[in-house]
Amino acid sequence: MGACLYTIFILLAVTSSQTQETQAPAENWNPYFGEPMSNVTVPLGREAVFTCVVRNLGQFKVGWLKAEDQTLLSVHNFVVTHNPRISVSQDTDKGIWRLHIRQLKNSDRGCYMCQINSATMMKQIGCLDLQVPPDIVDAESSNDVTASEGDNVTLSCRATGRPEPRILWKREDSSTITVFSPQVGFSTVDSWNGEVLQIVDVDYKQMGAFLCIATNDIPPAVSKRIVLIVNFAPVTQSPPESSMGAALGSTISLSCVFHGYPNENTTWLREIGGIEEYGGNYTVNASRNSYEVTLNLTIRNVRPIDIGRYYCCLANNKGITRSTIHVYEIKPETSTTQRTTIKITKPTTKYPRVTTTQMTHVTSTFYGDTNKISEKAVEAERRSGGSGTYSISAGIGTLVLSLMSHFIR
């Protein structure tokens, strides 16, 4: 079909040439191109427009062709290709002829020819380059990877696009990436550039999702999520042994935290067998976040049999670990107030009266040598009949002496 159309175009050119000869045009009748035709660079899916400026066209025709295979696209203002995405427009007063290609595809890339069907064929060529957003090639990129701690891991990501895409690696949770180089050794980086990410001697902290991001400044950027799974022996993040008090009838919650993967095999044990054998009001649950697992045990209406040791355990094909929690009983406090009553009775037996010298000695024992006792107070007490209680006034205050009947022999 293309060859047929091209033949039609040649016939048009011959007919037009014969017409030109019969009209005997002037010397300046020959057509020419007013300016060079520019190359076009357009993003994929958009519209490309080639412009051809022709002077002195006269009775000649302008045609558009695909340069690589000489496929005829249009003649003058008629589109001869069956491609509905191609159209032509012109501004004859200014001698401007345009070729429009809408909804660009990769197959549209290449060079296009603006041709004048003069006796000596005249042509201009402009080339179309497509800007193609990046696209990740799944078949040539890593899928999710499972490794054991200490292995070397290689993640790869291949992308196509024009211009050639750049590849950037990041952790999905924005944590750092541990990389190794012979010159520097191990180091941590926020991101890594290149199609290949090599992780040497991987540890469980590198476990998680990695993002391969492809960009080439032509939107949109694309990414692929690759999950790195690291199998490793479980380790406890809780104290190996701890204690918790509980009153009978109360509710308590026990908790253990482990790191390990796989981490599905978890359990709670007592001194003898599993907790279910003790028939208590127990609620067990576990929460997991990547390699971290938290075990929880809630005990309601604590009974005497619930007092004792509890073991939380995590096991996988790499090992087993456990933590111990000792639950002890908290007994309620009881408060008692004891009152002591001392009854003092007046002695019936009369004892020798206390002399002034003796009273001075007693007062000095309480107050020291700086205080003096009023002899008048002593004498007043003697005249009172000797009840056994003496009130003595001193220079710095009042001293009350309770002299029991057994004070003086």
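A.B. asks: I keep staring at the overall build of the protein chain and nothing clicks. Help me out?
C.D. replies: Across its full length, the protein chain carries 3 helices and 29 strands. Looking at the protein chain residue by residue over its 409 residues, the buried ones come to 35%. Excluding contacts between residues fewer than 6 apart, the proportion of contacts in the protein chain whose partners are at least 24 apart in sequence is 62%. If you sum the accessible surface of the protein chain, you get close to 24200 Å²; carbon and sulfur atoms cover 51% of it.

A.B. asks: It is not clear to me how the pattern of salt bridges should be interpreted in this structure. Could you clarify?
C.D. replies: Any two side chains of opposite charge can pair, so long as their charged atoms come close to each other. Considering all chains together, one arrives at 10 salt bridges under this definition. The partner of Arg 303 in a salt bridge is Asp 306, and the shortest N-O contact between them spans 3.0 Å. Accessibility expressed as a relative area gives 26% for Arg 303, which makes it partly exposed. Through salt bridges with shared partners, a single network forms among Arg 109, Asp 129 and Arg 162.

A.B. asks: Mind showing me how you'd approach unusual backbone geometry here?
C.D. replies: Between Pro 219 and the following residue, Pro 220, the backbone shows a cis peptide bond with an omega angle of 0°. Secondary-structure assignment places Pro 220 in the loop between strand 19 (208–215) and strand 20 (222–236). Note the cis peptide between Tyr 261 and Pro 262, where omega equals 0°. The residue Pro 262 is located in the loop between strand 22 (252–261) and strand 23 (266–269) in this model. A positive phi angle, close to 55°, is found at His 76, a residue other than glycine. For His 76, the position within the fold is in the loop between strand 5 (71–75) and strand 6 (78–79). Phi is positive for Ser 290, which is not a glycine, with a value near 60°. Checked against the element boundaries, Ser 290 lands in the loop between strand 24 (281–289) and strand 25 (292–300).

Conventions adopted
Residues numbered from 1 in each chain as written. Predicted model: local features only at pLDDT ≥ 70, side-chain atom pairs only at ≥ 80, totals over all residues. Heavy atoms only, no water. Helix = DSSP H or I, 4+ residues; strand = E, 2+ residues; numbered from the N terminus. Buried < 20%, exposed > 50% of the residue type's maximum accessible area, 1.4 Å probe, protein only. Contact = heavy atoms within 4.5 Å. Areas by Shrake-Rupley, 256 points an atom, 1.4 Å probe, with all protein chains shown as cover. Salt bridge = Lys/Arg side-chain N within 4 Å of Asp/Glu carboxyl O.

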